[in-house]
Amino acid sequence: MSATKSFDISKLVVYDAWKAVKANKGSAGIDNETIDDFERNLKGNLYRIWNRMSSGSYFPPPVKAVPIPKKSGGERILGIPTVADRVAQMVAKMVLEPTVEPIFLPDSYGYRPGKSAIDAIDITRRRCWKFDWVLEFDIKGLFDNIDHDLLLRALEKHTAYAWVKLYVKRWLTAPLQHADGTLVERTKGTPQGGVISPILANLFLHYTFDVWMTRQHPNNLWCRYADDGLVHCETEEQAHDIRRALQERFAECGLEMHPDKTKIVYCQDSNREEKYPITKFDFLGYCFKRRGVKNQSLNAMFSGFGPAVSQSSLNAMRAKIRELNLRNRSDMSLQEIAQLANPILRGWINYYGQFYRTALYPMFRHFNETLVRWALRKYKKLRRKKVRGCQFMERIAKQHPSLFVHWQCGLVGNFI
């Protein structure tokens, strides 16, 4: 460590942090500096970050408040740091993560290397076969309500780096700046949108929920992805007891379960026929409910309890297709539409097609209808002749089955 520097921070770590931020892309913060702008003076900008972080004189600027709509209605506020601040946060994350990651429990899946939402869906699917009841909970405004004192106490346990603790304190209290320039001081929470916020949220919930749940209810399996969680229960009474206990626990830590998104669900299937008003739940874009399943060995159908793409996810996909406005893009060729749409379609298939892929058919039909409407607008001979437009697109699909991703997967669907 230099005699003139308070902290020993490697320049290589700062450079690696920049590469990670660049790969993640993202928009500009309050200074309107984009990633491309930052890169034009890369050497100078990275040196400035390293120099200030190493000397203890780095103070994060306010984060940019960006409202985004929620699927359930209303909006949430994202806090977007500047590009330089994202690099600084990434430096701290890259040092902190190897220390805290080993203490996190296996059933915490969100924002963790080597774990994914699909992993959480898969383990939940298998546990719903074994347990009749599920307590589904959602933490209301997690990122806005994390108690700073409790979080810093947890951080103190797991890092010896004084500079990490110093800068985390500064990031936690960096003000939020709205579009009109208004600054809002923050006394709790960590900005949703910050690079280091997910790992801080996981550290907070590790002690608030994960460790507590394992200690207090060791026989109840659970799964958590950030602020969404599930607890598997043997009886309805047990589910109600855990819900009350969990509500008290969250209150002790300054959090609240979302009243509308927290519920007790009965996993109804062929072998579980009790009457109960709630027999399905949504988790990470999938809907778990009673579904027909074919027993291959017996060549017979039975009812199982499993996941498929949720209706709200299908609605969001349709909204995205409408947003692309493909039906009105008569200036584009079909190949150009494929180049634009295929990355999006591929992402949906890769995620939502892991379980009950046929549940994606309504979205594919909607997309095919969009292609038909594009053809009706593109070619004069097809206008106001929908049947002919459908026949035209069916011929294209047969002649060029690899043009669109869902056609490649054999998910062409019907055009008529």
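As the structure is a computational prediction, the values presented were derived from the model and not from experiment.

Trainee: For this particular structure, what's the right way to read empty space enclosed by the protein?
Mentor: Any space left empty among the atoms is revealed by the rolling of a water-sized probe across them. Summed over the entire model, instances satisfying the criterion amount to 1 cavity of 30 Å³ or more. Surrounding the largest cavity, 14 residues form its lining, Gln89, Trp171, Thr190, Pro191 and Ser197 being those nearest its centre. Every element with two or more residues in the lining of the largest cavity is listed here: α4 (83-100), α8 (162-173) and α9 (197-216). In the lining of the largest cavity, the residues fall into 9 nonpolar, 4 polar and 1 charged.

Trainee: Explain the pairing of strand β7 (residues 228-233) here, please?
Mentor: If a strand is regular, its side chains alternate between the two faces of the sheet. The buried fraction of β7 amounts to 5 of the 6 residues, a majority that puts the element mostly inside the structure. As defined by bridge partners, strand β3 (residues 133-138) adjoins β7 across 6 bridges and the pair is classed as antiparallel. Bridging from a neighbouring strand, Leu135 pairs with Val231 of β7. Alignment of strand β6 (residues 222-225) against β7, held across 4 bridges, turns out to be antiparallel. Pairing of Tyr225 across the sheet is with Asp228, part of β7.

Trainee: Just to check I follow, could you spell out the sheet that holds strand β4 (residues 176-177) for this structure?
Mentor: Backbone-to-backbone hydrogen bonds pair the strands of a sheet. The strands run either parallel or antiparallel. Taken together, the 4 strands give an open sheet; going across it, the order is β2-β1-β4-β5, and neighbouring strands pair in mixed fashion. At either end of the open sheet lies a strand with only one pairing partner, and these are β2 (75-80) and β5 (183-184). The sheet contact formed by strand β1 (residues 63-69) and β4 spans 2 bridges and is parallel. Along β4, the bridge assignment pairs Val63 with Leu176.

Trainee: I'm lost on the environment of Asp241 in this one. Help?
Mentor: For Asp241, the location among the structural elements is in helix α10 (residues 236-252). The partly exposed category is assigned to Asp241, whose relative accessible area is 37%. Of note is the side chain of Asp241, whose polar atom sits 2.4 Å from the side chain of Arg244.

Trainee: Help me understand the pattern of salt bridges, please; the structure alone is not making it clear to me.
Mentor: Proximity of charged atoms lets side chains of opposite charge pair with each other. For the structure shown, the criterion picks out 17 salt bridges. Residue Asp37 is joined to Arg40 by a salt bridge in which the shortest nitrogen-to-oxygen separation is 2.4 Å. Pair noted here: Asp37 and Arg40 are both in helix α2 (residues 35-40), with a separation of 3 residues, about one helical turn. Residue classification places Asp37 among the partly exposed residues on the basis of a relative accessible area of 29%. For Arg40, a relative accessible area of 66% gives the class exposed.

Trainee: Would you mind showing me how to read the side chain of Asn220 here?
Mentor: By the element assignment, Asn220 lies in the loop between α9 and β6. On the accessibility criterion, Asn220 (6% relative accessible area) is buried. In terms of polar contacts, Asn220 uses its side chain to reach the backbone carbonyl oxygen of His232, at 3.0 Å. Excluding anything up to four places from it in sequence, Asn220 contacts Met213, Val231, His232, Cys233, Gln238 and Ile242.

Trainee: Honestly, helix α11 (residues 311-324) in this entry has me stumped. Any pointers?
Mentor: With 14 residues, α11 should reach 20 Å at 1.5 Å per residue; the first-to-last C-alpha distance of 20 Å fits that figure. Within α11, burial applies to Ser313, Leu314, Met317, Arg318, Ile321 and Leu324. For α11, the angular spread of buried residues about the axis comes to 140°, placing them on one side. Exposed side chains of α11 directed beyond 90 degrees from the buried face belong to Arg322 and Glu323. Asn325 sits one or two residues past α11 and shows a positive phi near 60°.

Trainee: Just to check I follow, could you spell out the environment of Leu326 for this structure?
Mentor: Here Leu326 shows up in the loop between α11 and α12 (334-352). Spatially, the C-alpha atom of Leu326 lies 7.5 Å from that of Leu371, the residues being 45 residues apart in sequence. The residues contacting Leu326, other than those within four sequence positions of it, are Ile321, Ile337, Leu340, Ala341, Phe367, Thr370 and Trp374.

Trainee: Help me understand the environment of Trp50 in this model?
Mentor: With respect to the helices and strands, Trp50 occurs in helix α3 (residues 42-55). Considered as a pair, Trp50 and Val87 are 37 residues apart in the sequence and their alpha carbons are 9.9 Å apart. Excluding residues that lie within four positions of it along the chain, Trp50 makes contacts with Lys5, Ile9, Ser10, Lys11 and Val14.

Trainee: Would you mind going over the layout of surface pockets with me for this structure?
Mentor: As a volume, the second largest pocket reaches approximately 260 Å³. The wall of the second largest pocket is formed by 13 residues, among which Asn24, Arg86, Gly193, Gly194 and Val195 lie closest to the centre. Elements with a minimum of two residues in the lining of the second largest pocket: α1 (11-24) and α4. Here the lining of the second largest pocket is composed, by residue class, of 6 nonpolar, 5 polar and 2 charged.

Trainee: Hey, could you run me through the nonpolar core in this one?
Mentor: Across soluble globular proteins, nonpolar side chains have a tendency to be buried as a group. Counting residues in hydrophobic clusters, the biggest one holds 65 residues, and the most contacted among them are Phe38, Met53, Val87, Trp163, Trp171 and Val231. When residues of this core are assigned to their parent elements, the largest contribution, 10 residues, is made by α4. Those residues in contact with Phe38 that sit more than four places away from it in its chain are Trp18, Glu33, Asn45, Leu46, Ile49, Val83, Ala84 and Val87. By size, the runner-up hydrophobic cluster in this structure holds 55 residues, among which are Tyr225, Val265, Met317 and Met332.

What counts as what
Residues numbered from 1 in each chain as written. Predicted model: local features only at pLDDT ≥ 70, side-chain atom pairs only at ≥ 80, totals over all residues. Heavy atoms only, no water. 1 Å grid on protein atoms, 1.4 Å probe; cavity = no way out; pocket = protein on both sides within 12 Å on 5 of 7 lines; lining within 4 Å. Points joined across faces, edges and corners; volume = space filled by probe spheres on them. Helix = DSSP H or I, 4+ residues; strand = E, 2+ residues; numbered from the N terminus. Nonpolar A, V, L, I, M, F, W, Y, C, P; charged D, E, K, R; others polar. Buried < 20%, exposed > 50% of the residue type's maximum accessible area, 1.4 Å probe, protein only. Pairing = 2+ DSSP bridges. Polar contact = N/O pair within 3.5 Å; in protein donor to acceptor, adjacent residues only side chain to side chain. Salt bridge = Lys/Arg side-chain N within 4 Å of Asp/Glu carboxyl O. Contact = heavy atoms within 4.5 Å. Expected span 1.5 Å × (residues − 1). Arc of directions from axis to C-beta. Core = buried A, V, L, I, M, F, W, Y, C linked by side-chain atoms within 4.5 Å.

No statement about biological role is implied by the geometric values presented.
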